[in-house]
Amino acid sequence: MSRPETGRKAPRSKGVDGWLLSAPALILLIVAASGPLLIVAIYSVLEKGDYSGVRWILSGEGWFRVLFERDIFDQTISLADANLSIFWRSIKLSIATTIITFGFGLPTAWFIATRPARSRAFWLFLITVPFWTNLLIRTFAIMEVIRNQGILNTFLTHFGLISEPIQILYTDTAVLIGMTYVYLPLMVLPLYAAIDRFDFRLIEAGYDLYASRWQVLRGVILPIIKPGIVAGSILVFIPSLGAYVTPRVLGGGKNMMIGNFIELQFGQGQNWPLGAALSTLLLLVVLVSLIVYTRVSSKDNTNG
Amino acid sequence: MNTDIAIDARNVGKIYGSGAGAVTALGDVSISIKKGEFFTLLGPSGCGKTTLLRCIAGFETPTKGSIHLSGTDITYDPPYQRPVNTVFQSYALFPHLTVAQNVGFGLKMRGAAAADVAQAVDRVLALVKLEDFANRLPQQLSGGQQQRVALARALAPEPQVLLLDEPLSALDLKLRKEMQSELKRLQAETGITFIFVTHDQEEALTMSDRIGVMSAGALLQVGTPHDIYDRPTTRFVADFIGETNFLEGSVEDHQVRIGTGDLLAVPLEGETGPVTLAIRPEQVSVTSAQADMSGKITDATYMGTDTHYTIELKDGSPLVARIQSKSTATFDVGDTVGVAIDARAVQVLKS
């Protein structure tokens, strides 16, 4: 049964076949990604239910409550400082996480990419080892390191470097340490991929043309591995912004990030429209920052 | 201090690693390269010529000896402080920069004003005939054009010495010939000292003012192309540059008796005992008449302008003769012929 003709005919009906072939993926995307998003967007403009859930009445209350709050007694309207400071803290911590992971990730990726080809696989394997354990467990492990009677403070007091334990746990610093640890591999791997393709002879060319070490880094290496820097930053920044477990465990109840705040609305807060509005807003913040970031980073390519 | 010397390398050695695994890339090389000279380091791969070049550029630090540039010791200066630029074998053009930005890179890094950089870039691009490509990216250029950009980039900062690391090896034959004359022209126009590294003996002979032949980390002979070709001092140089027949013999009565028992009146300078004669194929003539020696033709290869005959002498040693194809007499394999050697042109090497 040889049917070479049909095989040759296939490209002609590619248009229809292409759609049919990608139908499973498309359906999955619509059902599993766009569908839930749509539900979230719709819930954000509905009225909140008595205990939880929503009532199917159109209402701007959810979005209103993102930015403003009403006094329970005299109904005066004021800016929701608490909400805004949570947003601001999330953005601040995410940017800091991105910068710190880049600071640690660049030398790490450089180190791996400059090893002999045989041992690179081993180093990359080490980078992925943390993924083998549940995020929650790893976060508790960090907690064990930084808590007042933890490894770090015991060590420092033992050697007389400090007299009182440093309060790290339940501060923004703790959240930052936790997120840097968790997201570091997401920075290292794309940086490694970019440095791996980098032609190291260009460094000699730079030195030969009177560029100092710093000038070679700024003028040759960083512009060429920029796709890796952009990818790594996006991979770290976006999940940082929506982080839930790390700020929940290491930040305690006080130092919430957007993720925890959203969870609060669907749980104790029993305000689903507000939660939905916050989620939608988070999505928009991510989208806008992505657009701005890619615009800016592709722009300074031209004046090299 | 001789002010005509651009690069003066004194007893330069480079050993990689240590202990039992140590590899000697350069033994003990001393060389003086004059200002404005087109100097070629010639040798097979692994002979140390690139290591020597990299020591001059500053990418390697010699493990012994010193390198002086116009009388100043630069042995331990980092590459970015040496007025020396390199044209890399791989070109190593910056892929994210345009041709003009690549060419202007060195001047910009040295802190030249933007207007001066732009002016220099225009001038150098005109020199290599790439004015119309200033705003292209390197990957939009052909190999030959990229080569010119690499050349322009290294020339733009007006270095005292330009180092060229096998820059033509990636080009096809026709382009290579073009670039050879282009390089000669650029060197004449700029007056910069060129140090050119190649394993191609023909390239070295046609382009250089002087050649240094290297082998196994040692500099064997330095001289003009004529010196190197006509008066090789070692068997390696005679063999590496052009084709050479070697005949063993020993000195007797101011002549050399070779394996066949014949005596050759070669020019001797006091050599005694066993010697090796280096005989170029064009110094051997073949006749159907009686001559000094005789032999049998075992191979005849027509090469266009020339025909190469391999002749087996009486004692069995082979001798290659190159005869111009236009010459009237032609021979076939198996013919017994008379062989004459232009004894005055024979080079005597100590065995």
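What counts as what
Residues numbered from 1 in each chain as written. Chains lettered and ligands numbered in written order. Predicted model: local features only at pLDDT ≥ 70, side-chain atom pairs only at ≥ 80, totals over all residues. Heavy atoms only, no water. UniProt positions renumbered as here; feature names shortened; annotations may be inferred. Helix = DSSP H or I, 4+ residues; strand = E, 2+ residues; numbered from the N terminus. Buried < 20%, exposed > 50% of the residue type's maximum accessible area, 1.4 Å probe, protein only. Patch = residues over 30% accessible without salt bridge, like charges linked within 9 Å, V, L, I, M, F, W, Y side chains within 5 Å. Areas by Shrake-Rupley, 256 points an atom, 1.4 Å probe, with all protein chains shown as cover. Salt bridge = Lys/Arg side-chain N within 4 Å of Asp/Glu carboxyl O. Lys, Arg positive; Asp, Glu negative; His and termini not counted. Charge placed at Lys NZ, Arg CZ, Asp CG, Glu CD. Expected span 1.5 Å × (residues − 1). Arc of directions from axis to C-beta. Contact = heavy atoms within 4.5 Å. Axes fitted to C-alpha atoms, helices over the stretch in contact; angles between N-to-C directions. Parallel < 35°, antiparallel > 145°, perpendicular 65-115°, else oblique. Left-handed = near helix turned anticlockwise from the far one by under 90°. Nonpolar A, V, L, I, M, F, W, Y, C, P; charged D, E, K, R; others polar.

In the annotation of an unreviewed UniProt entry, the entry for chain B reads Spermidine/putrescine import ATP-binding protein PotA, and the organism field reads Sulfitobacter marinus. According to the UniProt record, the Function (unreviewed entry) comment for chain B reads "Part of the ABC transporter complex PotABCD involved in spermidine/putrescine import. Responsible for energy coupling to the transport system." On record in UniProt, under Catalytic activity (unreviewed entry), the comment for chain B is "ATP + H2O + polyamine-[polyamine-binding protein]Side 1 = ADP + phosphate + polyamineSide 2 + [polyamine-binding protein]Side 1."

Under an unreviewed UniProt entry, the name given to chain A is Spermidine/putrescine transport system permease protein, and the source organism is Sulfitobacter marinus. According to the UniProt record, the Subcellular location (unreviewed entry) comment for chain A is "Cell membrane". Its UniProt record, at the heading Sequence similarities (unreviewed entry), says of chain A: "Belongs to the binding-protein-dependent transport system permease family. CysTW subfamily."

J.: Looking at this structure, I do not really get unusual backbone geometry. What am I missing?
T.: A negative phi angle characterises most non-glycine residues, just as the trans form characterises most peptide bonds. Unlike most non-glycine residues, Y210 of chain A shows phi in positive territory, near 70°. Mapped onto the fold, Y210 of chain A is located in the loop between helix 9 (201–208) and helix 10 (213–224). Given a relative accessible area of 6%, Y210 of chain A falls into the buried group. The backbone of D253 of chain B shows a phi angle near 50°, a positive value even though the residue is not glycine.

J.: Could you clarify how one ought to interpret a negative patch on the surface in this entry?
T.: A cluster of like negative charges, contributed by E69, D71, D74 and D81 of chain A, occupies part of the molecular surface. Here D74 of chain A shows up in the loop between strand 3 (68–70) and strand 4 (77–79).

J.: How should helix 5 (residues 117–128) of chain A be read in this particular structure?
T.: One full turn of an α-helix is made of 3.6 residues, so residues set three or four places apart face in the same direction. All names here are of chain A. With 12 residues, helix 5 should cover 16 Å at 1.5 Å per step; its first-to-last C-alpha distance of 18 Å lies within 8% of that length. Restricting attention to buried positions, one finds in helix 5 the residues R120, L124 and I127. Buried residues of helix 5, seen end-on, are gathered within an arc of 50° and therefore sit on one face of the element. Opposite the buried face of helix 5, by more than 90 degrees, sit the exposed residues R118 and A121. As for helix 5, its buried residues are in contact with helix 4 (81–113) and helix 8 (172–197).

J.: Whenever I open this one, the UniProt feature "domain: ABC transporter" (unreviewed entry) in chain B confuses me. Can you help?
T.: Under the UniProt annotation, the feature "domain: ABC transporter" (unreviewed entry) is placed at residues 7–241 of chain B. What you have in residues 7–241 of chain B is 36% helix and 26% strand, and the ends, taken at the C-alpha atoms, are 25 Å apart.

J.: Teacher, can you tell me more about a nonpolar patch on the surface here?
T.: Residue and element names in this part refer to chain A. Residues L37, L283, L284, L287, V288, I291, V292 and V296 make up a contiguous nonpolar surface patch of about 670 Å² in total accessible area. Here the nonpolar patch takes seven residues from helix 14 (residues 272–299), the largest share from any one element. Structurally, L284 is set in helix 14.

J.: Before we go on, may I ask you to explain the packing of helix 8 of chain A against helix 11 (residues 226–241) of chain A in this structure?
T.: Packed helices, taken two at a time, are described by the angle their axes make and the gap between the axes. Residue and element names in this part refer to chain A. It is at 7 Å that the axes of helix 8 and helix 11 come closest, and there the two elements cross at 160°. It follows from the interaxial angle that helix 8 and helix 11 lie roughly antiparallel. Here helix 8 runs over helix 11; the crossing is right-handed. Judged by residue contacts, M179, Y183, L186, M187, P190, L191 and A194 of helix 8 engage G228, I229, A231, G232, S233, L235, V236, P239 and S240 from helix 11. The class makeup of the residues in the contact of helix 8 with helix 11 is 12 nonpolar, four polar and no charged.

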